[in-house]
Amino acid sequence: MAEVKCAFVVQKPQYKGETSRLAITHAISYQTVEILLEDDDTVTPALCFIGEGVLGLEKGQQAAKDVYGISSTESHIMNSCLVDLEVLVCKEDMEKYGISEDSMPDAEEMGADVKVQVVPMADIKKRIDESRHVLVF
Amino acid sequence: MGKLAIGVFPGLVGNMAYDFALKFAEAAKDKGHDVSIWMSGNATVSVKANQKHLLDYSTGEKHLLRLMEKGVEICTCEACTVARGIRKDEGIEGIQWSAMHWFLARVHSADRVFLIGGE
């Protein structure tokens, strides 16, 4: 079995930044990559938000409703939790922008086992070090 | 020789990142590496067939055809491409259309992954 660990590092805000949103959807696609791989091969991504990338993650976003009619970053994060994706958000950068840990979305009510993890930058660096490939968005 | 997976995200216009990505891919292929290119975001505009390569205008078709002739594998993100109004039957022949897991599968087997550009 060949497991390849990857880190998707998002360092730009998601609204009107297409690539930072694409980082999320590319990471989520790990759920179906096995149809293109040999038996027992896997890709294990982690979605890491650092710097300005921590902006736009908070729950209660109205973008999908009457405001802009686009999918919200919140829904993407909830979907990430639903597919057991490891989502790490930099604690220091959240503090820098005055964002509380309580404001992070989760998909517990939808049955997700995984939650967004607010962690020190040192933990994100450790996950990056463990990764074979790092993709910076 | 190694396997390279290159994610190309920038559009044809605005900076030289798209041009660099294709030159880089060609140089790697000429050196004997296996090269796969994943087009996503604004880069997907370049997969439309029948581009007129006028002097001073940024186009992609002839460069992409040359890369494929050399054996570079190219795939475009179907969602990004149709979102820009390009249908599959309007695309350059030989370019694959797929979803994002195509790129992750190439990442799995790659020795090196390059992610180029974006807005």
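See the structure shown above.
The text that follows walks through the structure, step by step, so that each part is easy to find. (Residues numbered from 1 in each chain as written. Chains lettered and ligands numbered in written order. Predicted model: local features only at pLDDT ≥ 70, side-chain atom pairs only at ≥ 80, totals over all residues. Heavy atoms only, no water.)

### What to know about the side chain of S80 of chain A
For S80 of chain A, the position within the fold is in helix α3 (residues 73-82). The contact partners of S80 of chain A, leaving out residues within four places of it in the chain, are I24, I28, L47, L85 and V87 of chain A. (Helix = DSSP H or I, 4+ residues; strand = E, 2+ residues; numbered from the N terminus. Contact = heavy atoms within 4.5 Å.)

### Section: the pattern of salt bridges
Residues and elements named next belong to chain A. Summed over the entire model, instances satisfying the criterion amount to 15 salt bridges over all chains. One salt bridge in this structure joins E86 and R127, with 3.0 Å as the shortest N-O distance. With E86 in strand β3 (residues 86-90) and R127 in helix α5 (residues 121-130), this residue pair connects regions lying 41 residues apart in the sequence. By relative accessible area, E86 is classed as partly exposed at 27%. By relative accessible area, which is 4% here, R127 ends up buried. Put simply, K91 and E101 hold a salt bridge, and the shortest N to O gap is 3.3 Å. Taken together, the residues span a long stretch of sequence, with K91 in helix α4 (residues 91-96) and E101 in the loop between α4 and β4 (117-119) at a distance of ten residues. Looking at K91, the relative accessible area reads 30%, which means it is partly exposed. (Salt bridge = Lys/Arg side-chain N within 4 Å of Asp/Glu carboxyl O. Buried < 20%, exposed > 50% of the residue type's maximum accessible area, 1.4 Å probe, protein only.)

### Here we look at the interface of chain B and chain A
Tallying the contact residues gives 23 residues for chain B and 26 residues for chain A. Interface of chain B and chain A: buried area, both sides summed, is about 2000 Å²; carbon and sulfur atoms make up 68% of it. Of all residues in chain B, the largest losses of buried area upon contact with chain A belong to L104, H108 and E119 of chain B, amounting jointly to 36% of the total for that side. Where chain B packs against chain A, one counts two salt bridges. The shortest N-O distance in the salt bridge between R84 of chain B and E18 of chain A comes to 2.8 Å. For the interface between chain B and chain A, the tally reads eight residue pairs in polar contact (both at pLDDT 80 or more). Elements represented by at least two residues in the side of chain B that touches chain A include exactly α4 (101-109) and β5 (112-116) of chain B. Element by element, the count of residues in the side of chain B that touches chain A is highest for α4 of chain B, at seven residues. Broken down by class, the residue content of the side of chain B that touches chain A amounts to twelve nonpolar, seven polar and four charged. (Buried area = accessible area lost by both parts, 1.4 Å probe. Polar contact = N/O pair within 3.5 Å; in protein donor to acceptor, adjacent residues only side chain to side chain. Nonpolar A, V, L, I, M, F, W, Y, C, P; charged D, E, K, R; others polar.)

### Details of the sheet that holds strand β2 (residues 42-49) of chain A
Residues and elements named next belong to chain A. Taken in spatial order, the five strands make up an open sheet running β4-β3-β2-β1-β5, and their pairing is parallel. Strands with a single pairing partner mark the edges of an open sheet, and in this sheet they are β4 and β5 (133-136). Here the strands of the sheet are splayed against their neighbours by 25 degrees on average, with no regard to which way each runs. Of the strand pairs in this sheet, strand β1 (residues 3-10) and β5 are connected by four bridges, and their pairing is parallel. Across the sheet, the residue bridging to V9 is V136, located in β5. (Pairing = 2+ DSSP bridges. Axes fitted to C-alpha atoms, helices over the stretch in contact; angles between N-to-C directions.)

### Some words on the packing of helix α1 (residues 17-30) of chain B against helix α2 (residues 61-69) of chain B
Residues and elements named next belong to chain B. It is at 10 Å that the axes of α1 and α2 come closest, and there the two elements cross at 20 degrees. Relative to α2, the element α1 is oriented roughly parallel. When the axes of α1 and α2 are compared, the crossing they make is left-handed. Counting all contacts with α1, which are made through Y18, L22, A25 and E26, the residues of α2 involved are H63, L64, R66 and L67. For the contact of α1 with α2, the per-class residue count stands at five nonpolar, one polar and two charged. (Parallel < 35°, antiparallel > 145°, perpendicular 65-115°, else oblique. Left-handed = near helix turned anticlockwise from the far one by under 90°.)

### A short note on the sheet that holds β5 of chain B
Residue and element names in this part refer to chain B. The five strands lie next to each other as β4-β3-β2-β1-β5, forming an open sheet whose pairing is parallel. Two strands in the sheet have a free side with no partner beyond their single neighbour: β4 (96-98) and β5. Put simply, the sheet's adjacent strands are angled 20 degrees from each other on average, direction ignored. Across three bridges, strand β3 (residues 73-77) lies against β4 in parallel orientation. Across the sheet, C77 pairs through a bridge with S98, a residue of β4. Contacts between α4 and the sheet are confined to β1 (3-8), β2 (34-39), β3, β4 and β5, with β1 contributing the most and set at about 150 degrees to the helix.

Function cannot be read off these values alone, since they describe shape.
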